[in-house]
Amino acid sequence: AAREARHWVDMEGGFLSRLRRFDAYPKTMQDYQVRTIGGAIVSICGILLMATLFIGELSLYLTTTTQHEMSVDTTRGEQLLINMNITFPSMPCAVISLDTMDISGEQHLDVRHDIYKQRLSPSGKPIAAAERDHD
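Residues numbered from 1 in each chain as written. Predicted model: local features only at pLDDT ≥ 70, side-chain atom pairs only at ≥ 80, totals over all residues. Heavy atoms only, no water.

**Focus on the overall build of the protein chain**
Argument step 1. Of regular secondary structure, the protein chain possesses three helices and four strands.
Argument step 2. Along the protein chain, helices (α) and strands (β) appear in the sequence α-α-α-β-β-β-β when read from the amino end.
Argument step 3. Classification of the 135 residues of the protein chain by burial places 5% in the buried group.
Argument step 4. Sequence separation of 24 or more characterises 9% of the internal contacts of the protein chain that already satisfy a separation of 6 or more.
Argument step 5. Accessible surface computed for the protein chain: about 13500 Å², of which carbon and sulfur atoms make up 59%. (Helix = DSSP H or I, 4+ residues; strand = E, 2+ residues; numbered from the N terminus. Buried < 20%, exposed > 50% of the residue type's maximum accessible area, 1.4 Å probe, protein only. Contact = heavy atoms within 4.5 Å. Areas by Shrake-Rupley, 256 points an atom, 1.4 Å probe, with all protein chains shown as cover.)

Pasting the structure below:
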């Protein structure tokens, strides 16, 4: 079976002959090749350039760089304007309060500044003008 497989690979029109057709740089016959000093110089320069580029890229790839950087977050103290319009038709205004928490986990309980409350009738219609919640 191994002999038949070798025959299939080596036979005319077989795998190796098909593979040879994909050769992008076919070799010329030895009689037509001319070796020159210029060709040797170009070959040596090309090999040195490729080796230099390879070693340089390999050293960059294997080098670990550590960058230490510290900065102060200046946006932490800023306040964000949030507008809400929430209706609680069956809850007295005195019971309603607003609690907030910022990104650092600091809690602000019973926030009252710039909060306006408006009494509503049982049908949901305003009874009086909106009043600012006082401290």
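So, next bit.
**Some remarks on the confidence of the model for the protein chain**
Low-confidence regions, as indicated by low pLDDT, have predicted coordinates that should not be scrutinised in detail.
Argument step 1. Averaged over every residue, the pLDDT of the protein chain is 78; residues scoring 70 or more account for 82%.
Argument step 2. The least confident element of the protein chain, judged by mean pLDDT, is helix H1 (residues 2-10) at 52; the most confident is helix H3 (residues 37-62) at 93. (pLDDT = per-residue confidence, 0-100.)

**Looking at a nonpolar patch on the surface**
Argument step 1. On the surface, Leu80, Ile82, Met84, Ile86, Phe88, Met91 and Val95 cluster together into a nonpolar patch covering about 760 Å² of accessible area.
Argument step 2. For Ile86, the location among the structural elements is in the loop between H3 and strand S1 (98-101). (Patch = residues over 30% accessible without salt bridge, like charges linked within 9 Å, V, L, I, M, F, W, Y side chains within 5 Å. Salt bridge = Lys/Arg side-chain N within 4 Å of Asp/Glu carboxyl O.)

**Topic: the side chain of Ser121**
Argument step 1. Tracing the backbone shows Ser121 in the loop between strand S3 (116-117) and strand S4 (131-132).
Argument step 2. In this structure the side chain of Ser121 is engaged in a polar contact, spanning 2.9 Å, whose partner is the side chain of Ser123. (Polar contact = N/O pair within 3.5 Å; in protein donor to acceptor, adjacent residues only side chain to side chain.)

**Observations regarding H3**
Argument step 1. For H3, which comprises 26 residues, the first-to-last C-alpha distance of 37 Å matches the rise-based estimate of 38 Å (1.5 Å per residue) to within 8%.
Argument step 2. Where burial is concerned, little of H3 is hidden: zero out of the 26 residues are buried. (Expected span 1.5 Å × (residues − 1).)

**A short note on the pairing of S1**
Successive side chains on a regular strand alternate, one facing one side of the sheet and the next facing the other.
Argument step 1. With three bridges connecting them, S1 and strand S2 (residues 107-111) associate as antiparallel partners. The residue of S2 that forms the bridge with Leu98 is Val111.
Argument step 2. Remark: five residues form the turn of the hairpin made by S1 and S2, two consecutive strands paired antiparallel; Gly105 in that turn has positive phi of roughly 95 degrees. (Pairing = 2+ DSSP bridges.)

**Here we look at the side chain of Lys117**
Argument step 1. As for its placement among the helices and strands, Lys117 is situated in strand S3.
Argument step 2. Polar contacts involving the side chain of Lys117 include one to the main-chain carbonyl oxygen of Ile96, which spans 2.7 Å.
Argument step 3. Leaving out residues up to four positions away in the same chain, Lys117 has contacts with Cys93, Ile96, Ala129, Ala130, Glu131 and Asp133.

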